[in-house]
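Observations on the model geometry
One letter stands for each residue in the lines below.
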Amino acid sequence: MSNRPRIFSGMQPTGSGELHLGNYLGALRNWVELVDQQKYEALFAVVDSHATTVEYDPKQMPHRIFGTALSYLAAGLDPERCSVFIQSDVPEHMELAWYLGTVTAMGDLQRMTQFKEKSDQYKQNVNSGLFTYPVLMAADILVYKATVVPVGDDQVQHLELSREIARRFNARYGQVFPEPKPLLTKTPRIMGIDGKAKMSKSRGNSIDLFDDAKTVEKKLKGAFTDPAKLRLGDAGHPEICNVFTMHTALTDAALVADIDRDCRSGALGCGDCKKRLVQSLNTALDPMRERAAALRAEPARVLDVLRDGAARAREIAQATLVEVRDAMGMRAEAPPR
Ligand code: ATP
Ligand code: MG
């Protein structure tokens, strides 16, 4: 264990398990940069227990977990410099979640946007796990006493609640947890290509990290842009265009400035703008596609990383739980005579 400040984050093995451009530009790319800076001790989980809050095929779950872990490594996370593991390999997350649930107000959980959205998306299965998801998320973070949590903006509300939970726990049982803060990228929310909701693994509206070049081109062709800009010559509004947002994250700054100007003047049409984005995307995704192919050919490398990562994570998590149980008085002691 080192005494550098800790960062923690995770992604769910939902959909195919493999990640999309929103996950990458909103969080994963930041993880890679933060790890390379070596300022933090970093832990990243495949949060499989969270993914059980929606219906799934248990036979597929191992493949999805593999796909999420593979995405982390293919995106460039260096497993020598951080711990990559499966949430359910560290059962201390669950134990802490129970204790934290006892200092979490029902009213706070009821306000959570993700709960409202997911209850709407999965009307047939509004289970209590979906409701207490943010409590488990607080446990994921606090079990490592992480102070920095690199996520997309849809998770900012959950982070606020994590801080509130940490405060309530500390007020009741003594100072145990630091307050974790979200860390956002400059593109914290990528919309889906249909423009209707944020890009999500579970909505079929994503450009995936390992889509081949043809698929990316096809998906982008149909992608939603600024609705006011129908033809070449129409003035556009890049600030409300998802394609432009992706450019800002992936294209050279000088070219982005040209695109901005030419979109506004009408000189650049959406078709050409998308073609340029295809180029930027392929430049960014090619190395990831290659690394993913190499890892698929040698799956044991991914499994080894997950095993080693869980061992390191567990060491920290167990130490925290000793402290938590102690603070909460979870032990037997004869009363004084
Ligand atoms: P699901 O549809 O199952 O909820 P998801 O695509 O939302 O999947 P999550 O596993 O819930 O992915 O989130 C993983 C991380 O990716 C979180 O930090 C989240 O904030 C971030 N993220 C997810 N979607 C986007 C997006 N469209 N833009 C930016 N960040 C995103
Ligand atoms: Mg999500």
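The structure presented is a predicted model; accordingly, all values stated were derived computationally and were not measured.

**Digging into the domain arrangement of the chain**
Here the chain is described as being made up of domain 1 (6-190 + 299-328) and domain 2 (213-292). A C-alpha centroid distance of 31 Å is found between domain 1 and domain 2. Interface area for domain 1 against domain 2, summed over the two sides, is near 940 Å², with a carbon-plus-sulfur share of 71%. Linking domain 1 with domain 2 are three residue pairs in polar contact (both at pLDDT 80 or more). If you list the elements that add at least two residues to the side of domain 1 that touches domain 2, you get helix H1 (21-37) and helix H3 (61-74).

**Topic: the layout of surface pockets**
Size it by volume and the largest pocket reaches roughly 880 Å³. Surrounding the largest pocket, 43 residues form its lining, Gln12, Gln114, Asp154, Gln155 and Lys198 being those nearest its centre. For the lining of the largest pocket, the secondary structure elements donating two or more residues are strand S1 (6-11), H1, helix H6 (113-121), helix H8 (133-142), strand S4 (148-150) and helix H9 (156-173). Broken down by class, the residue content of the lining of the largest pocket amounts to 16 nonpolar, 18 polar and nine charged. The calculated volume of the second largest pocket comes to roughly 290 Å³.

**Concerning H6**
Buried within H6 we find Gln114, Phe115, Lys118 and Ser119. Buried residues in H6, looked at end-on, bunch into an arc of 130°, giving them a common side. Looking at the packing, one finds that the buried side of H6 touches helix H5 (106-110), helix H7 (128-131), H8 and H9.

**Describing the packing of helix H4 (residues 92-101) against H8**
Running from amino to carboxyl end, H4 crosses H8 at an angle of 120°, the nearest separation of the two axes being 8 Å. As the angle between them shows, H4 and H8 are arranged oblique. In this structure, H4 crosses over H8, and the sense of that crossing is right-handed. Seen from H4, the contacting residues are His93, Met94, Leu96, Ala97, Leu100 and Gly101; seen from H8, they are Val135, Leu136, Ala138, Ala139, Asp140 and Leu142.

**A look at the site of ligand 1**
Residues in close proximity to ligand 1 total 21 residues, the closest being Thr14, Lys118, Asp154, Lys198 and Ser202. In the environment of ligand 1, a nitrogen atom lies 3.2 Å from a nitrogen or oxygen atom belonging to the backbone of Gly22. Summarising the interface, the protein chains cover 97% of the accessible area of ligand 1, which totals 600 Å² for the free molecule. A majority-of-atoms criterion places ligand 1 in the largest pocket. Residue composition of the shell around ligand 1, by class: six nonpolar, ten polar and five charged.

**A short note on H1**
Its 17 residues place the ends of H1 22 Å apart at the C-alpha level, agreeing with the 24 Å of an ideal helix rising 1.5 Å per residue. At Ala27, H1 shows its largest kink, close to 45°. Most of H1 sits inside the fold, with 13 of its 17 residues counted as buried. Directly after H1, the chain includes Gln38, whose backbone phi takes a positive value near 60°.

**As for empty space enclosed by the protein**
In this approach the atoms are scanned with a rolling probe the size of a water molecule, which exposes any empty space left behind. The tally for this structure, following the rule as stated, stands at two cavities of 30 Å³ or more. Estimates place the volume of the largest cavity at around 80 Å³. In terms of lining residues, the largest cavity is bounded by Thr225, Asp226, Lys229, Cys241, Val243, Phe244, Ile259, Cys263, Leu268, Gly269, Cys270 and Cys273. For the lining of the largest cavity, the secondary-structure elements that each account for two or more residues are helix H11 (242-250), helix H12 (253-265) and helix H13 (270-297). Among the residues making up the lining of the largest cavity, the classes are represented as eight nonpolar, two polar and two charged. Its boundaries defined by the atoms lining it, the second largest cavity holds a volume of some 40 Å³. Classifying every residue of the lining of the second largest cavity gives four nonpolar, five polar and one charged.

**Concerning the pattern of salt bridges**
Counted according to the given criterion, the structure contains 28 salt bridges. Among the ionic pairs, Asp120 bridges to Lys123, the shortest N-O distance being 3.2 Å. Residue classification places Asp120 among the partly exposed residues on the basis of a relative accessible area of 49%. With a relative accessible area of 58%, Lys123 lands in the exposed category. Close ionic contact of Glu179 with Arg167 constitutes a salt bridge, the shortest N to O distance being 2.8 Å.

**Structural notes on the packing of H11 against H12**
The interhelical angle for the contact between H11 and H12, taken along N-to-C directions, is 160°, at an axis separation of 9 Å. With respect to H12, the axis of H11 lies roughly antiparallel. Handedness of the crossing formed by H11 with H12: left-handed. Every residue of H12 that contacts H11 at Phe244, His247 and Thr248 is listed here: Val256, Ile259 and Asp260.

Parameters at a glance
Residues numbered from 1 in each chain as written. Chains lettered and ligands numbered in written order. Predicted model: local features only at pLDDT ≥ 70, side-chain atom pairs only at ≥ 80, totals over all residues. Heavy atoms only, no water. Domains from an automatic or database assignment. Buried area = accessible area lost by both parts, 1.4 Å probe. Polar contact = N/O pair within 3.5 Å; in protein donor to acceptor, adjacent residues only side chain to side chain. Helix = DSSP H or I, 4+ residues; strand = E, 2+ residues; numbered from the N terminus. 1 Å grid on protein atoms, 1.4 Å probe; cavity = no way out; pocket = protein on both sides within 12 Å on 5 of 7 lines; lining within 4 Å. Points joined across faces, edges and corners; volume = space filled by probe spheres on them. Nonpolar A, V, L, I, M, F, W, Y, C, P; charged D, E, K, R; others polar. Buried < 20%, exposed > 50% of the residue type's maximum accessible area, 1.4 Å probe, protein only. Arc of directions from axis to C-beta. Contact = heavy atoms within 4.5 Å. Axes fitted to C-alpha atoms, helices over the stretch in contact; angles between N-to-C directions. Parallel < 35°, antiparallel > 145°, perpendicular 65-115°, else oblique. Left-handed = near helix turned anticlockwise from the far one by under 90°. Near = heavy atom within 4 Å. Areas by Shrake-Rupley, 256 points an atom, 1.4 Å probe, with all protein chains shown as cover. Sits in = over half its atoms within 2 Å of the grid points. Expected span 1.5 Å × (residues − 1). Bend = angle between axes of the 7 residues up to and from the residue. Salt bridge = Lys/Arg side-chain N within 4 Å of Asp/Glu carboxyl O.

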